[in-house]
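Coordinates in review
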There are 2 protein chains.
Amino acid sequence: MTFTARTPRVANARKLQRRRDRDLAGRFLAEGPQAVREALAAGVVVELFATAEAIERYADLAAHAEVTSEVSEDGLAALAETVQPQGLVAVCEQVDVPLQDALAKKPRLVAVVAEIRDPGNAGTILRTADAAGAGAVVFAGDAVDPYNGKCVRASAGSLFHVDVVRSPLDVVTPLREAGLQVLATSGYGADDLDSLADDGVLAAPTAWLFGSEAHGLPPALLDAADRQVRVPIYGGAESLNLAAAAAVCLYASARAQR
Amino acid sequence: MTFTARTPRVANARKLQRRRDRDLAGRFLAEGPQAVREALAAGVVVELFATAEAIERYADLAAHAEVTSEVSEDGLAALAETVQPQGLVAVCEQVDVPLQDALAKKPRLVAVVAEIRDPGNAGTILRTADAAGAGAVVFAGDAVDPYNGKCVRASAGSLFHVDVVRSPLDVVTPLREAGLQVLATSGYGADDLDSLADDGVLAAPTAWLFGSEAHGLPPALLDAADRQVRVPIYGGAESLNLAAAAAVCLYASARAQR
């Protein structure tokens, strides 16, 4: 049987587009073949909704899911937030872990997105942190929900590769106790990134704190960090955008830690 | 007198939201106080449209413009593409220069966005290139119009700081003749960025070629470049997003060229 947008299973899954319902259910939606493949590899897919065409085209994915439910085109459209989900949307168990569990693995590189509310920025930093070899990404304070659809899509699968943590804002002490130096990014930081790289500071295990593009990091986090670091500006720009600054910092650490 | 959305001057300016009309007029729109300030500093503002409130609030900007025209709220809304342009939209002369003029200044760092159609990505790379000290950014081939509103906004003023060039796709020869090594970014590049930095290669004057997130660089550009370079991936991510990869490459050059 083919489910439609009105089938209760589909209508219920659709509710996961809202944060409140995601929080209640402890589940979220991942759409498109790349995200679904990563979610299956992570073992978190509860149910895969797929059109008849997608079941044929992505037979390997459909076969891997414990439950694959065929949906009509309108059923898929109801579940998907993008125009081209390529016929696949999976209901997944949320994957975040407690901060202490992530830190117990002794990651050498951690990214903290503190009160970053833009899901595209947060998801992009998650993807970049993963690429740079980070072991954990912490969504701290009133940050965007990591399971927000746009964040999941911007993470391009990295949500399933690194330890994702949701935590209160006061993360500095536990990070430091786990042996990480805590570097806060700030356009007005006293230390510039190149000098820290020159001085060998970046070779040590490091947690990077990133604040929102509009407001930067909350003062309490800036003050609690070991250093406030600015990315040097060589030209006329006032600043870098958030995701670009995060990429430069995380890759400077990755390079120093090789 | 206060102009409204129906005043011919406003209606004509509004047409600059469309590429065809921008190309015909050789003009474009910049909105919000930051962009307007930079456009005024660059001496390219033809007419500043501002609400009564904005004229009072940004009196310094209104005084600098040769022509400041008061518009109603609906007139401003017609001109603006964002919800919060803070009362200001300027008609500006286009600022791009021929490739040969930009290269005659012997820039040591150049970014080429080749057939990148996403205006947010192109504008972000423009901003990042400026921050990294690049002298020119080349929009090559069928790239987005640099005067697209979203590109202008993503550039955060950098459109007015660096030499912006619009050029056909075959840029490699003129770049090389200007003394620049030409590095093409590719997820499958034979050289990795860290090795090039280790070997001192990045200290030389460099033009970076960036292709679209969906398709990468056109084969002709990949083949023509001096090297094909990949950003190393240390974790589980398949790749970096385009703007993040560009930030890592441009800042690796900036650091090596200090």
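These figures come from a predicted structure and were not determined experimentally. (Residues numbered from 1 in each chain as written. Chains lettered and ligands numbered in written order. Predicted model: local features only at pLDDT ≥ 70, side-chain atom pairs only at ≥ 80, totals over all residues. Heavy atoms only, no water.)

Details of the environment of Tyr-234 of chain B
Counting through the fold element by element, Tyr-234 of chain B comes out in the loop between strand S11 (227–230) and helix H13 (242–257). Using a relative accessible area of 33% as the deciding quantity, one classes Tyr-234 of chain B as partly exposed. With 14 residues separating them along the chain, Tyr-234 of chain B and Val-248 of chain B place their C-alpha atoms 14 Å apart. Apart from the residues lying within four places of it in its own chain, the contact partners of Tyr-234 of chain B are Asp-130, Ala-131, Ala-132, Gly-133, Tyr-251, Ala-254, Arg-255 and Arg-258 of chain A together with Asp-194 of chain B. (Helix = DSSP H or I, 4+ residues; strand = E, 2+ residues; numbered from the N terminus. Buried < 20%, exposed > 50% of the residue type's maximum accessible area, 1.4 Å probe, protein only. Contact = heavy atoms within 4.5 Å.)

Let's talk about a negative patch on the surface
Residues and elements named next belong to chain A. On the surface, Glu-53, Glu-56, Glu-73 and Asp-74 cluster together into a patch of negative charge. Elements that contribute at least two residues to the negative patch include exactly helix H4 (52–57) and helix H6 (73–79). Within the secondary structure, Asp-74 sits in helix H6. (Patch = residues over 30% accessible without salt bridge, like charges linked within 9 Å, V, L, I, M, F, W, Y side chains within 5 Å. Areas by Shrake-Rupley, 256 points an atom, 1.4 Å probe, with all protein chains shown as cover. Salt bridge = Lys/Arg side-chain N within 4 Å of Asp/Glu carboxyl O. Lys, Arg positive; Asp, Glu negative; His and termini not counted. Charge placed at Lys NZ, Arg CZ, Asp CG, Glu CD.)

A short note on the UniProt feature "domain: RNA 2-O ribose methyltransferase substrate binding" (unreviewed entry) in chain A
Residues annotated by UniProt as "domain: RNA 2-O ribose methyltransferase substrate binding" (unreviewed entry) correspond here to residues 29–98 of chain A. For residues 29–98 of chain A, helix accounts for 40% and strand for 26%, while the C-alpha atoms at its two ends are 21 Å apart. (UniProt positions renumbered as here; feature names shortened; annotations may be inferred.)

Observations concerning the sheet that holds strand S3 (residues 68–70) of chain A
Residue and element names in this part refer to chain A. Taken in spatial order, the four strands line up as S1-S4-S2-S3 in an open sheet, and their pairing is mixed. The sheet terminates laterally at strand S1 (27–31) and S3, the two strands that pair on one side only. This sheet shows a mean twist of 20° between the axes of neighbouring strands, independent of strand direction. Sheet topology places strand S2 (residues 45–50) next to strand S4 (residues 88–93); five bridges connect them, and they run antiparallel. Pairing of Val-45 across the sheet is with Cys-92, part of S4. (Pairing = 2+ DSSP bridges. Axes fitted to C-alpha atoms, helices over the stretch in contact; angles between N-to-C directions.)

A word on the pattern of salt bridges
The final tally for this structure, using the stated rule, is 35 salt bridges over all chains. Note that Asp-191 of chain A is salt-bridged to Arg-227 of chain A, the shortest N-O span being 3.3 Å. Highlighted residues: Asp-191 of chain A in strand S9 (residues 191–192) and Arg-227 of chain A in strand S11 (residues 227–230), separated in sequence by 36 residues. Judged by relative accessible area, which is 23%, Asp-191 of chain A ranks as partly exposed. Note that Arg-258 of chain B is salt-bridged to Asp-198 of chain A, the shortest N-O span being 3.0 Å. One end of the pair, Arg-258 of chain B, is in the segment after H13; the other, Asp-198 of chain A, is in helix H11 (residues 193–198), on a second chain. With relative accessibility at 45%, the residue Asp-198 of chain A sits in the partly exposed group.

Digging into the pairing of strand S7 (residues 163–167) of chain B
Counting buried positions along S7 of chain B yields four of five residues, so the element is predominantly enclosed. The handedness of the strand S6 (residues 136–140) of chain B to S7 of chain B crossover, carried by helix H9 (residues 149–155) of chain B, is right-handed. (Right-handed = clockwise from strand over helix to strand, strands pointing away.)

A few points about the interface of chain A and chain B
Contact with chain A, which involves 32 residues of that partner, is made by 33 residues of chain B. Summed over both partners, the interface of chain A with chain B comes to about 2,600 Å²; 54% of that surface belongs to carbon and sulfur atoms. Taken together, the links from chain A to chain B amount to 26 residue pairs in polar contact (both at pLDDT 80 or more). Of all the secondary structure elements, the ones that give two or more residues to the side of chain A that touches chain B are helix H8 (119–131), H11 and helix H13 (242–257) of chain A. With six residues, the single largest contributor to the side of chain A that touches chain B is H13 of chain A. Classifying every residue of the side of chain A that touches chain B by side-chain character gives 14 nonpolar, 10 polar and eight charged. (Buried area = accessible area lost by both parts, 1.4 Å probe. Polar contact = N/O pair within 3.5 Å; in protein donor to acceptor, adjacent residues only side chain to side chain. Nonpolar A, V, L, I, M, F, W, Y, C, P; charged D, E, K, R; others polar.)

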